[in-house]
Number of protein chains: 2
Amino acid sequence: MPQRGRPRGFDADEALERALEVFWRQGYEGASVTDLTAAMGINKPSLYAAFGGKEELFRKVVARYAEQDMEYARTAFAQPTAYEVVATLLRENVLAVTRPDRPAGCLSIQGGTACSTENAPVAGFLAASRLAGERALADRFVRAVAEGDLPADADPAALARFVMIVTEGHAIHAAAGVSREDLRQAAEIALAGFAAASGARLPEHATNPA
Amino acid sequence: MPQRGRPRGFDADEALERALEVFWRQGYEGASVTDLTAAMGINKPSLYAAFGGKEELFRKVVARYAEQDMEYARTAFAQPTAYEVVATLLRENVLAVTRPDRPAGCLSIQGGTACSTENAPVAGFLAASRLAGERALADRFVRAVAEGDLPADADPAALARFVMIVTEGHAIHAAAGVSREDLRQAAEIALAGFAAASGARLPEHATNPA
DNA sequence: TCGGATCAGTACCGATCGGTACAGAAATCG
DNA sequence: CGATTTCTGTACCGATCGGTACTGATCCGA
């Protein structure tokens, strides 16, 4: 169905992708509208017309990131045991924060942790996004307890928090240039901690990395 | 010994302290010179005269933070065993990132992880500062291996990296408002992971938190 | 008491910020 | 083919950025 008026001269989906990478690499405050429009291949008025503005663009970008780049988390949640959920999550996280075709680290952290008072809503929004992921993981552990996969005295919230803490540290390290292999080793140590602390049932082939 | 010329009308040490908190709360890019001078109680030309400029001020502030707020790390390193080093480090880190009289989190992370290309040296400087701390911890573990406190096949660098990853995650969580008690639980899980992965000799009173 | 040294405060600098106005271009509809 | 709609590009907006010039204030030394 043809739409009236001049057609856009750019692919909004592709432009959003380029914007995502700028925010990921430079953070919300470090990315200027000039940086964004240069990467997106459009002019400022087009950014405003198509995406609403800098902050709205950022929120769209974070939604896209959650939907696409965090797909591995949903895959991990589907594993049959808590141990395998965490093993998959941590290992895939290490891959995700060190992709050669993506900025290093994690947008939901580098997007903004400390901001000016004007931009505090942006940092708050990212923190809420991370917390949502943590709650989803805690919920998965609640189910593991209900299924007898984790012992009754396991603390789903604390375990989920620990796993998220490790993924955040992965992102900080990756953004600082630490290699995938170095992070992989740390992930295995974290998995050992999860196993020890949670009383999780281990798969038969699980090994102690140390 | 009296100095010639008009005496400064402010305490440079106290002003540096105030600047430290602004950078810690808002990050290097989120903190404007106006924010800084307002908190320091001085005018712009005084900031330039006394501290050199925004970036020089930041570097001074980070040095001060490493010397004073990271004192607990040096205390932890002096513990007799690797296990106690890590136990002290993680527990004190939880206290440090949730102090009621300080911003939440850690300046060496919130100061800047992702920046504009102009400010990349600032993020690099912080990353180097964190890496220095990690190397110091790895060196302590090398000594633990040499003393027989850690087994010969323990990997000091990987273990140090894991511990630093956890402290970074602590800072991100704390900055997002997570409570000291919640972080304490996660720290104990991390400690369990360290114990499991490192083959460290445990103190007699060590307990499994789960 | 005056000169010299150093500091504080006000005004100002050029550059860039996030954002918008407006004219012209490119499309569809009747 | 003209009207309408939608988009692009250029120029521009007020505000704030990091930083400096300059004048007057406040000290010490001779």
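The structure presented is a predicted model; accordingly, all values stated were derived computationally and were not measured. (Residues numbered from 1 in each chain as written. Chains lettered and ligands numbered in written order. Predicted model: local features only at pLDDT ≥ 70, side-chain atom pairs only at ≥ 80, totals over all residues. Heavy atoms only, no water.)

Draft legend 1. Structural detail: the protein's contact with DNA strand D. DNA strand D sits among 23 residues. The nearest are G5, R6, G9 and N43 of chain A together with V33 of chain B. Of what DNA strand D places within 4 Å of the protein, 70% of the atoms are sugar or phosphate. Separating a sugar or linking oxygen of DNA strand D from a side-chain N or O atom of R4 of chain B is a distance of 3.4 Å. A distance of 3.2 Å is found between a phosphate oxygen of DNA strand D and a side-chain nitrogen or oxygen belonging to Y48 of chain B. Mapped onto the surface near DNA strand D, the elements with two or more residues apiece are α3 (44-51) of chain A together with α2 (33-40) and α3 (44-51) of chain B. A total of three residues in the surface near DNA strand D trace back to one element, the largest contributor, which is α3 of chain B. In the surface near DNA strand D, the residues fall into eight nonpolar, eight polar and seven charged. (Near = heavy atom within 4 Å. Polar contact = N/O pair within 3.5 Å; in protein donor to acceptor, adjacent residues only side chain to side chain. Helix = DSSP H or I, 4+ residues; strand = E, 2+ residues; numbered from the N terminus. Nonpolar A, V, L, I, M, F, W, Y, C, P; charged D, E, K, R; others polar.)

Draft legend 2. Region of the structure containing the protein's contact with DNA strand C. In the vicinity of DNA strand C, 24 residues are found, and the nearest of them are V33 of chain A together with R6, G9, N43 and P45 of chain B. When atoms of DNA strand C within 4 Å of the protein are sorted by moiety, sugar and phosphate together comprise 66%. Residue R6 of chain A places a main-chain N or O atom 3.4 Å away from a base nitrogen belonging to DNA strand C. Between DNA strand C and the protein, one listed contact pairs a phosphate oxygen with a side-chain N or O atom of K54 of chain A at 2.8 Å. For the surface near DNA strand C, the secondary structure elements donating two or more residues are α2 (33-40) and α3 of chain A together with α3 of chain B. With three residues, the top contributor of residues to the surface near DNA strand C is α3 of chain A. Partitioning the surface near DNA strand C into residue classes produces nine nonpolar, eight polar and seven charged.

Draft legend 3. Fine view of the domain arrangement of chain A. All names here are of chain A. Segmenting chain A into domains produces domain 1 (12-54) and domain 2 (69-198). The C-alpha centroid of domain 2 is placed 27 Å from the C-alpha centroid of domain 1. Listed per partner, the contact involves nine residues of domain 1 and 15 residues of domain 2. Both faces combined, the contact of domain 1 with domain 2 buries some 1,000 Å², and carbon together with sulfur accounts for 56% of it. Applying the counting criterion to the domain 1 and domain 2 interface returns two salt bridges. One salt bridge connects R102 with E17, and the closest N-O pair in it is separated by 2.5 Å. Where domain 1 packs against domain 2, one counts eight residue pairs in polar contact (both at pLDDT 80 or more). Partitioning the side of domain 1 that touches domain 2 into residue classes produces four nonpolar, one polar and four charged. (Domains from an automatic or database assignment. Contact = heavy atoms within 4.5 Å. Buried area = accessible area lost by both parts, 1.4 Å probe. Salt bridge = Lys/Arg side-chain N within 4 Å of Asp/Glu carboxyl O.)

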